[in-house]
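Residues per chain, in single letters:
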4 protein chains.
Amino acid sequence: MPKIVDTDAKRDEILAATWRVIARDGIAGATIRAIASEVGCSRGILAHYFDDKADIMGSALLLSHRRVGARMDKAAIGMRGLAALRSVMLEALPLDAERDLEAQIEISFWGRALRTSKLRDLQHQEFERLWTRLRQLLRQAADLGELAEPFDLDFATHQFVVLIDGLSAQRVLYPDRVPADRQVALLDRLLGSFSAAPSDSGPEPARSPRPAR
Amino acid sequence: MPKIVDTDAKRDEILAATWRVIARDGIAGATIRAIASEVGCSRGILAHYFDDKADIMGSALLLSHRRVGARMDKAAIGMRGLAALRSVMLEALPLDAERDLEAQIEISFWGRALRTSKLRDLQHQEFERLWTRLRQLLRQAADLGELAEPFDLDFATHQFVVLIDGLSAQRVLYPDRVPADRQVALLDRLLGSFSAAPSDSGPEPARSPRPAR
Amino acid sequence: MPKIVDTDAKRDEILAATWRVIARDGIAGATIRAIASEVGCSRGILAHYFDDKADIMGSALLLSHRRVGARMDKAAIGMRGLAALRSVMLEALPLDAERDLEAQIEISFWGRALRTSKLRDLQHQEFERLWTRLRQLLRQAADLGELAEPFDLDFATHQFVVLIDGLSAQRVLYPDRVPADRQVALLDRLLGSFSAAPSDSGPEPARSPRPAR
Amino acid sequence: MPKIVDTDAKRDEILAATWRVIARDGIAGATIRAIASEVGCSRGILAHYFDDKADIMGSALLLSHRRVGARMDKAAIGMRGLAALRSVMLEALPLDAERDLEAQIEISFWGRALRTSKLRDLQHQEFERLWTRLRQLLRQAADLGELAEPFDLDFATHQFVVLIDGLSAQRVLYPDRVPADRQVALLDRLLGSFSAAPSDSGPEPARSPRPAR
DNA sequence: CATGAATGAGTGTTCATTCAT
DNA sequence: TATGAATGAACACTCATTCAT
């Protein structure tokens, strides 16, 4: 039993090292050698904890998603509706160095996710989780009467998902152009478009671009 | 006299083959061997038309951008303001097989663009072109009085850019989820948020989110 | 526990194989494939023991020099002055098959030593060792009163160095023309020119061309 | 007939370019591409004037030897015996930039001469010419009574040949250590050892190291 | 005569993986 | 459990050569 704990810890250690290598050398530079070197152990040992390289990479992506999900859970505690949605979205956007790394890893996988069926299935499965989470929060907001008009739930969910992916790409490719406050402003603009009260001038400070954070 | 070969045509032929390989096998599978095999010639011949592999890949990306740019030029002829902006955006979104391929290539490069400085410079340079183009059209729309309220030009440009990248990623990763009409609907929603007449419910709702597909 | 391999022994084995390949196929024929084939192992294994090919070649040259140096040390034990110098020189000349191989390797490197700075530095450094060794023995001989007249130490050292290089080249290029006894005779003629007694016709002519070995 | 002249001129032009490439990039860098580029013509044209690359390299070496030989002929005009020998030797030593290049080319070939039988035959044949020339001059000197004692003609010839090769190697590898005056001094020391008059202290200024040139 | 497109073998190198220890 | 030696395939690239024009 304790060995299993050690095993999991070692696995996480290896995956964290994998992240660092991807962030430093790109996904093409994330070789078995580089990862083992980053961990500080021999190459062969990786085979003990993972099936093969694809397993390492997939697990690294999965762990990244799990961390984001855990942060989202924590951030939304005690919240509901649009407020919860906003908190969850803030965990998905690359607002700081940690989230930058996650975005970098995510995008690095995009170029590969299509090829390996295993990786593709994982990607789809993980996306489904995010999609469902956002959709549920939107439904909750609708049930709470926070949304102004009749609206298409899937369409709205898409808007948020597209915002995450678009901002992640922009942030990774042109980091200087997308500071945190700009990201939050874009998010708030989107949120504001839903909570638009019949009276156009509501208490919606989020509607117009303003530095947040 | 040596055999006269249209050098530019041959270069384009090689680059088109490169696209197909990237689309089929991913950017990691776009080896010299695979490209030469796709072209139907020997490996060494590629050295006649390009300096090295980086030159091939960079040229492939550049050509892709040039084609999109040319399509945008053509699509916007005789148009101004928001109408021109909409036509241009429609050329940037992955609405059909051809544009899907372009989006696939684009995203494949994202994972690599960060590492090689040459590719990164190219990426930044090309992005600047797109940014400027969208920004100019928005300014034109503002000058024409098409926009409802005072607004932040850079902020608005960002909204469109994020839409392109977000939709490209979504389309490449989960093609079934983002059919063409959904993409157009998302674009029109964004456009509608600018042309929003003083009366919030203008003639735009027709354009607004409607269940497509 | 992994298979324990004497790393240094394996390195030496590879370098010895490199020598044989150079001797057989020339330095241009000393490819990674040929060396691996000579060793009797796969190509990739060489990467375990050396950084790259330049490392192999440089190490091969260095080991050759080290062996000559070790032989010189051994040969000069208990000797001083001109006698020690003669013993040392006999180890530097291509008098037998083993030394022929060394000369062949040495000359093969001359055509390449100029280009790669690493190899050139190594060559200069190794030459400095030989130069210093010969010069010190000449000084010792002078201190012992073995030399007839006031003489230029550097000039004399040059005479011996030129003899080594000249004979090495001749032996490698035209082996039949420079048998061992001829080489020794040339060496003794040079040595005799220093120990020339006041009476020019001393006991030295006896030293002159005589079959040695 | 005029075409033949052009052909020879073109051949010489190509060979001169080959020298420059060898001097600049080493013999390993003397590729067909580099030579054609240095000449300023296409690659295929070289096949019109030479059979193949080995023919080019061999011809380059041959032309180098021919030039040295021509200089020797010219330098020895009107001279006999040791004086002629000295003049001839001065043309064989790397005393200036032009001769440095020749020595560089010569040594570059040494590492390759052994492998190609064609090149080896050429090398032997050319060496025979030099050997015979030096030997004849030494015999002439003996006949003229310039040489002090009975001596071994082949042995003496070897001394001069070894001096040439040894000095060439030293000059190419460590140019700063072997300035022209040092070379001439070494030559004169060797010459002096033959002309040693019965009276040991003759008018032989060449015997002791002195800056010449 | 001359060109340059085209070929295919060969280069050094890197990689994921296996396996005996 | 952990090591690292060993493998063999694949990589980008360079080269000498051929040949239709």
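Everything below is about the structure printed above this text.
This part covers the overall build of chain A. The secondary structure content of chain A amounts to 9 helices and 0 strands. Along chain A, from the amino end to the carboxyl end, the secondary structure elements read α-α-α-α-α-α-α-α-α. Here chain A holds 213 residues, and the buried ones make up 39% of them. Nonlocal contacts in chain A, meaning residues at least 24 apart in sequence, comprise 61% of its contacts between residues at least 6 apart.

Turning our eyes to something else, we now look at the interface of chain D and chain C. It is common to give the size of an interface as the accessible area that goes away when the parts come together. Contact with chain D, which involves 35 residues of that partner, is made by 36 residues of chain C. When contributions to the side of chain D that touches chain C are tallied by element, the ones reaching two or more residues are α6 (97-113), α7 (117-143), α8 (153-173) and α9 (180-195) of chain D. Considering each element in turn, the side of chain D that touches chain C owes the most residues, 12 residues, to α8(D). Its residues placed into classes, the side of chain D that touches chain C shows 19 nonpolar, 10 polar and 6 charged.

Structural alignment of chain A on chain B gives an RMSD of 0.3 Å, achieved by rotating through 179° and translating 0.0 Å along the axis. This pairing of chains is accounted for by a two-fold axis. For chain A, the smallest separation between a C-alpha atom and the rotation axis is recorded for A:Gly166, amounting to 1.7 Å. Most of the interface of chain A is mirrored in chain B, where 97% of its interface residues again form contacts.

Residue and element names in this part refer to chain C. If you trace the backbone, Arg 43 turns up in the loop between α2 (32-39) and α3 (46-49). A sequence separation of 11 residues divides Arg 43 from Ile 32, and the C-alpha atoms of the two residues are 6.6 Å apart. Those residues in contact with Arg 43 that sit more than four places away from it in its chain are Ile 32, Arg 33 and Ala 36.

Looking now at the interface of chain A and chain B. On the side of chain B, 37 residues touch chain A, which itself brings 35 residues to the contact. Elements supplying a minimum of two residues to the side of chain A that touches chain B: α6 (97-113), α7 (117-143), α8 (153-173) and α9 (180-195) of chain A. The biggest single contributor to the side of chain A that touches chain B is α8(A), with 12 residues. When grouped by side-chain class, the residues that make up the side of chain A that touches chain B number 19 nonpolar, 10 polar and 6 charged.

This brings us to the environment of B:Asp55. All names here are of chain B. Along the chain, Asp 55 turns up in helix α4 (residues 53-75). The class of Asp 55 is partly exposed, set by 14 C-beta atoms lying within 10 Å. Sequence separation between Asp 55 and Gly 192 is 137 residues, and the spatial gap between their C-alpha atoms is 42 Å.

Right, let's get into the relation of the copies chain D and chain C. Taken as rigid bodies, chain D and chain C are interconverted by a rotation of 179° and an axial shift of 0.0 Å, the fit giving an RMSD of 0.3 Å. Of all interface residues in chain D, 97% are interface residues in chain C too; the two copies therefore contact each other through one and the same surface.

Residues and elements named next belong to chain A. Direction vectors running N to C along α7 and α8 enclose 125°, while the axes themselves pass 9 Å from each other. If you check the angle between α7 and α8, you find them oblique. α8 is crossed by α7, and the crossing has right-handed handedness. Across from Trp 131, Leu 134, Arg 135, Leu 138 and Arg 139 in α7, the residues of α8 making contact are Leu 153, Ala 156, Thr 157, Phe 160 and Val 161. Here the contact of α7 with α8 is built from residues that sort into 7 nonpolar, 1 polar and 2 charged.

The rules we used
Residues numbered from 1 in each chain as written. Chains lettered and ligands numbered in written order. Predicted model: local features only at pLDDT ≥ 70, side-chain atom pairs only at ≥ 80, totals over all residues. Helix = DSSP H or I, 4+ residues; strand = E, 2+ residues; numbered from the N terminus. Buried ≥ 20, exposed ≤ 12 C-beta atoms within 10 Å, placed from the backbone. Contact = placed C-beta atoms within 7 Å. Nonpolar A, V, L, I, M, F, W, Y, C, P; charged D, E, K, R; others polar. Least-squares fit on C-alpha atoms with pLDDT ≥ 70 in both. Axes fitted to C-alpha atoms, helices over the stretch in contact; angles between N-to-C directions. Parallel < 35°, antiparallel > 145°, perpendicular 65-115°, else oblique. Left-handed = near helix turned anticlockwise from the far one by under 90°.

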